[in-house]
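# What the coordinates show
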Number of protein chains: 2
Amino acid sequence: MINNYEIASSNSVLFLTHTSPSMKKSFIVAFIMCSHLIGKAQTNEELALKDIYKSALTNAKCYPWLDHLSNKIGSRLSGSTGAEKAVLYTKLQLETLGLDKVYLQEVMVPKWVRGEKEIAYLLVGKQKITFPICALGGSVATPKKGVQGGIIEVQSLEELNNLGIDKVKGKIVFFNRPMNPEFVETFKAYGSCVDQRSSGAREAGKMGALGVIVRSMNLRLDDLPHTGATNYGDITSEQRIPAAAISTNGAELLSKMLKEKSNSSFFFKQSCETFDDVLSYNVIGEIKGSEHPERIMVVGGHLDSWDLGDGSHDDGAGCVQSMEVLNIFKSIGYKPKNTLRVVLFMNEENGVRGGKEYELQSSKNNENHIFALESDSGGFSPRGFSVEADEANFNRISSWATLFEPYLIHKFVKGHSGVDIGPLKSKHIVKVGLQPDSQRYFDYHHAANDTFDAVNKRELELGAAAMASLIYLVDQNGFVK
Amino acid sequence: MINNYEIASSNSVLFLTHTSPSMKKSFIVAFIMCSHLIGKAQTNEELALKDIYKSALTNAKCYPWLDHLSNKIGSRLSGSTGAEKAVLYTKLQLETLGLDKVYLQEVMVPKWVRGEKEIAYLLVGKQKITFPICALGGSVATPKKGVQGGIIEVQSLEELNNLGIDKVKGKIVFFNRPMNPEFVETFKAYGSCVDQRSSGAREAGKMGALGVIVRSMNLRLDDLPHTGATNYGDITSEQRIPAAAISTNGAELLSKMLKEKSNSSFFFKQSCETFDDVLSYNVIGEIKGSEHPERIMVVGGHLDSWDLGDGSHDDGAGCVQSMEVLNIFKSIGYKPKNTLRVVLFMNEENGVRGGKEYELQSSKNNENHIFALESDSGGFSPRGFSVEADEANFNRISSWATLFEPYLIHKFVKGHSGVDIGPLKSKHIVKVGLQPDSQRYFDYHHAANDTFDAVNKRELELGAAAMASLIYLVDQNGFVK
């Protein structure tokens, strides 16, 4: 669609006319623009949101910022050169916005390096069938010559434990439970599946396995392995076995071959390494509150990313959207009553050190955070907000739903807000996570295709506008104590 | 995001545990699955929607169907070989579903052929600066040697008319009003802009212009020209001047150069041609109603596409989603009370002949259509429905909103339904258009990049599920007369 439309504007009412010349009757549909505004004066809040959205859709910097972050800097794993460059670049950009304060907050972060490209194959007789894998973040390396052994497929940690040590010892364990496509919200499918990646190596290591291969957390069938953190917990260094992700197509093929060929063995090789912690930074910018400078509203995302793509969705998008919130307020001349602080957290992916350090310093300084908003679910069309608050304040936020309706923000739910703002524990803090459309998120998550071209400019800008609107409403209305 | 989550299932309540090992406190968020279902029995309607969504997300055929339509057949402009093949292919696929009836409905359609690749450049002294253009659908060709002349830029039909014949005669007219990014819904931006494409050539032709170049209907800056119908109306053949679209980057550059270089002339050449009408078909499949076989519910999209891409979003998606509705009902064993008919309309893009023929035959046969649903806004995440109905029936449909909430369908608005179902005029018919997220639609619309890879499998399936759910509810509840 659409064949032919002509539109004639008459004040704020537009008439949309179907004008296909060969249609006998053209029909006129009265197209009420901003129908909520007809017949009543616009409130200040309605006008403010209108300004915010206009600024975001016509005058935003978030897309070019993301372009630079993704295409000029690239991946930003904690402790990498990319992460260092991103700290300097975003600080410099915040300094151009005319904020009251821009500064770096020191934080020691883990440094894990992938090393050489990983190799994996199944040996069936003399035949080698290769598979696309990548080391999981935090994994140990294989021995230099790689690791080889029989491979057993399981669908869960429970199934592994039920097998017992005798069947697992000396084997490579292949976790192959797919993300469940029945969940409409893909984060729920992720949540029900990711234990294989985060705990698989620890549990198999305790049972004397040689290594672990995990099906990528991806709802799509493709050839890209998706990395992400694996955690050994407190097991001994002898029990720490190498762990890698395999692409979903690879997992399907491997599973099929294992059913067909019982006399096979699996080989993989990776040279990843954990170094000593290094100094890095949270990047912070601030507009001082005009009435309550001691009350702090935080907006943020995480500046670090995994190393395979350039982290455009995870979480370059959240960083530039958070920066954009302050840019929008400056552009429309809105001076917040409470202090508004953007924080670009370092090290969400493999340690949450930035989030924890920020809370530590905040506690030391007796800071009073009234609100925190994180964007870390991709730069897709915003759908709503996930709120951590008591009933009264959840209801307060939900009561703003009608203001958001013209902007297609409909979802106000209780739930997880964000990993980086998780540690914040001011007494009356309300925390919120932006919830974009989640359907495509795991197509890119932690994989080599999480790149700038996968982000749509308008979707990114609409997310920033939704965030700025929520912060504006919090700033104007405050919370119930 | 997300660092690490583990999930433990306990009946229908899941506990989502943050288990980053280095965080002092892990926190538990009770994750209520399908929270609307806790504490009360599920109604039949809730259960039916659950079945429909499960079927769509785990067992659908729409994505492989679209793969074939897009990658094996390709573009399907009315009268083309692609359109013929698509008729045969979709008929064959419908025949595999065990419907009560599958048939073709004859319809004569226009046949317009693009011909050789178009050429355009600006001549500044001896320098030629080339631009990416494409002939608008229905345009006449230029003379074989092309057309060359001074070029004047205007922003609207009004500005053209204000210039007067003296300034327009013998010139090429360049319509360059961009889509307005301030509209949150991109179809509104399209509606406010497309008169340049549909009527520009007619109006400039009346004033004796040599040709028309129109900025592509695209909110993004890129190098792809977007075609679409232009209508000469009833002007004489002498007044019919060639019309082409220019890419948005091209339009920006051309405008800039025209401001800088006054002594320039523009050249373009295209060899498109309109042939005699040819025979084509609407493809129709039917499940007979178990209680009211005489009451008909139609679901459809249009099988034709423009010729530049493969028409995956416009409207391959709508066709396969409509076919999927019947496949879902067959899969879950739901027998509709009213007759359910899928119609894949031919020739939406340049004539709406399929829609008109369908209505003509329906009138002849005294058919009683109670409902029509069209999907022709792309295969993106579904957001809601646009309803053409009286107040009582709009309220009835809106009252189902809570049933759709768990599936993230929130938008129930009055407005345009679909071009192909537009001609239907049964007395009590209610018409609805599926409204997917619109942000990316005009990145692809009528351009060479409207291809299969731009469609996400889950987004497509969720659209089909939303359509099947609405039809199920209409079938169960009927409408107010």
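The name given to chain A in an unreviewed UniProt entry is Carboxypeptidase Q, with Flavobacterium segetis as the source organism. The annotation that UniProt attaches to chain A under Subunit (unreviewed entry) is "Homodimer. The monomeric form is inactive while the homodimer is active."

Turning to the sheet that holds strand β5 (residues 119–124) of chain B, a few remarks are in order. Residues and elements named next belong to chain B. Pairing within the open sheet is antiparallel, and its 4 strands lie in the order β6-β5-β13-β8. Since the sheet does not close on itself, it has two edges, and those belong to β6 (127–130) and β8 (147–149), each with one partner. Sheet twist, expressed as the average angle between the axes of neighbouring strands with direction ignored, equals 20°. In this sheet, strand β13 (residues 264–269) lies alongside β5 in antiparallel orientation, the contact comprising 6 bridges. Paired with Ile119 across the two strands is Lys269, which belongs to β13. Contacting β5, β6 and β13, helix α8 (residues 248–260) crosses the sheet at an angle of about 20° to β5.

The next thing to look at is the packing of helix α2 (residues 62–73) of chain B against helix α3 (residues 81–95) of chain B. For any two helices packed against each other, one specifies the inter-axial angle together with the distance between the axes. Residues and elements named next belong to chain B. Following both chains from N to C, one finds α2 and α3 inclined at 155°, their axes separated by 10 Å at the closest point. Taken together, the axes of α2 and α3 are roughly antiparallel relative to one another. Crossing of α2 against α3: the hand is right-handed. Here α2 contributes Pro64, Trp65, His68, Leu69 and Ile73 to the contact with α3, which in turn contributes Gly82, Lys85, Ala86, Tyr89, Thr90 and Gln93. Of the residues assigned to the contact of α2 with α3, the class counts are 6 nonpolar, 4 polar and 1 charged.

All names here are of chain A. With mixed pairing, the 8 strands of this open sheet are ordered in space as β4-β14-β16-β15-β17-β20-β18-β19. The strands lining the two open edges of the sheet, one partner per strand, are β4 (101–113) and β19 (411–414). Each strand of the sheet is rotated relative to its neighbour by a mean of 20°, with strand direction disregarded. Bridge analysis of strand β15 (residues 292–302) against strand β17 (residues 368–374) gives 6 bridges, and the strand direction is parallel. By the bridge assignment for β17, Val298 is matched with Ala372.

A few words on the side chain of Ser255 of chain B. Within the secondary structure, Ser255 of chain B is located in helix α8. If near-sequence neighbours (up to four positions away) are discounted, Ser255 of chain B is found in contact with Glu153, Phe174 and Asn176 of chain B.

Turning our eyes to something else, we now look at helix α9 (residues 312–332) of chain A. Of all 21 residues in α9 of chain A, 18 are buried; the element is thus mostly enclosed. Taken from the residues just after α9 of chain A, Gly333 of chain A is the one with a positive phi, measuring 75°.

Glancing now at the domain arrangement of chain A. For an interface, size is often stated in terms of accessible area lost upon the parts coming together. Partitioning chain A into structural domains gives domain 1 (5–33), domain 2 (44–109 + 276–477) and domain 3 (115–271). Each of domain 1 of chain A and domain 2 of chain A was reduced to a C-alpha centroid, and the two centroids are 40 Å apart.

Glancing now at the UniProt feature "domain: Peptidase M28" (unreviewed entry) in chain A. In this numbering, the UniProt entry assigns the feature "domain: Peptidase M28" (unreviewed entry) to residues 282–468 of chain A. Regarding residues 282–468 of chain A, the helix share stands at 33% and the strand share at 27%, and the terminal C-alpha atoms are separated by 21 Å.

All names here are of chain B. Of the residues making up helix α11 (residues 391–398), those classed as buried are Asn393, Phe394 and Ile397. Along the axis of α11, the buried residues cluster in a sector spanning 105°; they form a single face. Along its buried surface, α11 packs onto β18 (382–388), α12 (401–404), β19 (411–414), β20 (430–436) and α14 (457–477).

This part takes up the state of the cysteines. Counted according to the given criterion, the structure contains 0 disulfides over all chains. The thiol sulfur of Cys62 of chain A is not disulfide-bonded, and the nearest other cysteine sulfur, from Cys319 of chain A, lies at 12 Å.

Bringing unusual backbone geometry into the picture now. All names here are of chain A. For the bond running from Asp314 to Asp315, omega is 0°, close enough to zero to count as cis. The residue Asn347 is not glycine, and still its phi comes out positive at about 75°. Residue Asn347 is classed as buried on the basis of its relative accessible area of 0%.

Residues and elements named next belong to chain A. Of the strand pairs in this sheet, strand β5 (residues 119–124) and strand β6 (residues 127–130) are connected by 4 bridges, and their pairing is antiparallel. Paired with Val124 across the strands is Gln127, a residue of β6. A loop of 2 residues connects β5 with β6, the two strands running antiparallel in sequence, and Gly125 in this loop sits at a positive phi of about 60°.

How each quantity is defined
Residues numbered from 1 in each chain as written. Chains lettered and ligands numbered in written order. Predicted model: local features only at pLDDT ≥ 70, side-chain atom pairs only at ≥ 80, totals over all residues. Heavy atoms only, no water. UniProt positions renumbered as here; feature names shortened; annotations may be inferred. Pairing = 2+ DSSP bridges. Helix = DSSP H or I, 4+ residues; strand = E, 2+ residues; numbered from the N terminus. Axes fitted to C-alpha atoms, helices over the stretch in contact; angles between N-to-C directions. Contact = heavy atoms within 4.5 Å. Parallel < 35°, antiparallel > 145°, perpendicular 65-115°, else oblique. Left-handed = near helix turned anticlockwise from the far one by under 90°. Nonpolar A, V, L, I, M, F, W, Y, C, P; charged D, E, K, R; others polar. Buried < 20%, exposed > 50% of the residue type's maximum accessible area, 1.4 Å probe, protein only. Domains from an automatic or database assignment. Arc of directions from axis to C-beta. Disulfide = S-S within 2.5 Å.

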